[in-house]
Amino acid sequence: MEGQELPYVLVDSIGGRLGVYEDHLGFLKKRFHLITMKEYIENKTFLSKKIRAIYIWYHKPAINEELLQNLPNLKVVASAGVGIDHLDLKLLSSYGVKVSNTPFIVSTDTADMGMALLLASSRRLVEGHEMAVSPDTEYFPADWLGVEVSGATLGILGMGKIGYKVAERAKAFEMKILYHNRNQRKKEEESAVGAVYCKKIDDLLQQSDFVLLAVNLTPQTHKLIGKRELELMKPTAILINISRGLVVDQDALVEALQNKVIKAAALDVTYPEPLPRDHPLLKLKNVIITPHIGSATKKTRWVMMEEMVESIEAGLAGLPIPREVLP
């Protein structure tokens, strides 16, 4: 692009809590003229017609109709990660704006996170650590026990790329695998991981020792797990959520955990994030909560950035956009 003006790309901020990573800047600035939201707001008259793409990191900047109306030359929005519930695809499409995400690179790390939460909750690792380092601990009780993973039944809700990778890992732990999905997997795919399809969610919930959520957030999966579903689970079962917080009715989950309807929960996602500091989930011993770090490894975040750049460059060149998300 030597001798040419770099394309103007809107980002929320640089560095800090939610901004573009500092160590990504060198790569990005060779390809784009980055404009922060603060710079855009301060110089709308000039920048409105310049900006041709939006780079969404940690769901920021937020896109609404007012912003779209003010960016007449916007062509493409690239969003990090697999979830697109923060975007109004129909609205963007109505303005002729194409959307991409990065669904494939996140699947391995997120599946690893799912297994990490399963293992941590089953063997009570967080509680164990707290006991081991507490100044009040005088002895380790002999009856402080977890539950076995090997031979247990894992029910996976959502057998897409992430769910299937979880199944591959669970097979290595000699787990029995049940799954529910919009579409049944091919027989050879099921055989490869020893997975059995459950046409009805209820059947999976009733049989599973661990229930792992790996679905996309859609109107159909909003509060997919509520009071009724939790009551179908075994009282010894553990719920693991690596999808989206709103897939679970959190009030019902609190009640189920307090009343021992299920044994425990391990959550990489909540709603909102972070939870209010006085939220009852934060006070329960039988809950592990992590700060939505399913794909949070250095390598994966770098590749996510590269894929977003690839999508923006393709969109601005009028080429097919890799990983385009259709409305």
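Here the structure is a predicted model, which means the values were calculated and not measured.

Considering the sheet that holds strand β3 (residues 51–56)
Moving on, step 1. Spatially, β2-β1-β3-β4-β5-β13 is the arrangement adopted by the six strands of the open sheet, whose pairing is mixed. The sheet is open, and its two edges are formed by β2 (33–36) and β13 (324–325), each paired on a single side.

Points about the pattern of salt bridges
Moving on, step 1. If you walk through the whole model with that rule in mind, you get 16 salt bridges.
Moving on, step 2. The closest approach of N and O atoms between R244 and D85, which form a salt bridge, is 3.2 Å. Of the two residues, R244 is situated in the loop between β10 (238–241) and α12 (250–258) and D85 in the loop between β4 (76–79) and α5 (89–94); the sequence distance between them amounts to 159 residues.
Moving on, step 3. The salt bridge involving E310 is made with R323; its shortest N-O contact spans 2.8 Å. Here E310 is found in helix α13 (residues 298–316), whereas its partner R323 is found in the loop between α13 and β13, with 13 residues between them in sequence.
Moving on, step 4. Under the relative-accessibility criterion, R323 is labelled buried at 18%.
Moving on, step 5. One salt-bridge network, in which partners are shared between bridges, spans D202, R228 and E229.

Describing α12
Count 3.6 residues to each turn of an α-helix, and residues three or four apart come out pointing the same way.
Moving on, step 1. Turning to α12, its buried residues number three or more, namely Q250, A252, L253, V254, A256 and L257.
Moving on, step 2. The opening residue of α12, the one whose side-chain oxygen lies 3.2 Å from the backbone nitrogen of D251, is D249.
Moving on, step 3. Of the residues flanking the end of α12, it is K260, one or two places downstream, whose phi is positive at about 60 degrees.

A closer look at the nonpolar core
Moving on, step 1. Of all hydrophobic cores here, the largest spans 52 residues; its most connected members are Y55, L154, I156, V166, F210, I240 and I312.
Moving on, step 2. If you tally residues by element for this core, the top one is helix α6 (residues 106–122), at seven residues.
Moving on, step 3. Inspection of this core shows a minimum of three residues originating in each of domain 1 (8–105 + 297–325) and domain 2 (106–289).
Moving on, step 4. Setting aside anything within four residues of it in sequence, one finds Y55 in contact with V9, L10, V11, V20, H24, L28, K60, P61, A78, M305, M308 and I312.
Moving on, step 5. Counting residues in each nonpolar core, the second largest holds 28 residues, with L205, L253, L257 and I262 among its members.

Notes on the packing of aromatic side chains
Moving on, step 1. Going through the model one piece at a time under the given rule, you end up with five aromatic pairs.
Moving on, step 2. Between F27 and W302, the ring centres sit 5.6 Å apart and the planes meet at 70 degrees, which makes this aromatic pair edge-to-face. Here W302 lies in helix α13 and F27 lies in helix α1 (residues 25–29), a separation of 275 residues in the sequence.
Moving on, step 3. Consider the rings of Y55 and W57, whose centres lie 5.9 Å apart with planes at 20 degrees: the pair is stacked.
Moving on, step 4. Take Y55: its relative accessible area is 1%, and that puts it in the buried class.
Moving on, step 5. Taken together, the ring pairs connect Y21, Y55, W57 and Y58 into an aromatic cluster.
Moving on, step 6. Sitting above the plane of the F27 ring, R31 keeps its charged end 3.7 Å from the centroid.

The rules we used
- Residues numbered from 1 in each chain as written.
- Predicted model: local features only at pLDDT ≥ 70, side-chain atom pairs only at ≥ 80, totals over all residues.
- Heavy atoms only, no water.
- Pairing = 2+ DSSP bridges.
- Helix = DSSP H or I, 4+ residues; strand = E, 2+ residues; numbered from the N terminus.
- Salt bridge = Lys/Arg side-chain N within 4 Å of Asp/Glu carboxyl O.
- Buried < 20%, exposed > 50% of the residue type's maximum accessible area, 1.4 Å probe, protein only.
- Polar contact = N/O pair within 3.5 Å; in protein donor to acceptor, adjacent residues only side chain to side chain.
- Core = buried A, V, L, I, M, F, W, Y, C linked by side-chain atoms within 4.5 Å.
- Domains from an automatic or database assignment.
- Contact = heavy atoms within 4.5 Å.
- Phe/Tyr/Trp six-rings, centres within 6.5 Å; stacked < 30°, edge-to-face > 60°.
- Lys NZ or Arg CZ within 6 Å of the ring centre and 35° of its normal.

The values reported here are purely geometric and, on their own, carry no functional implication.
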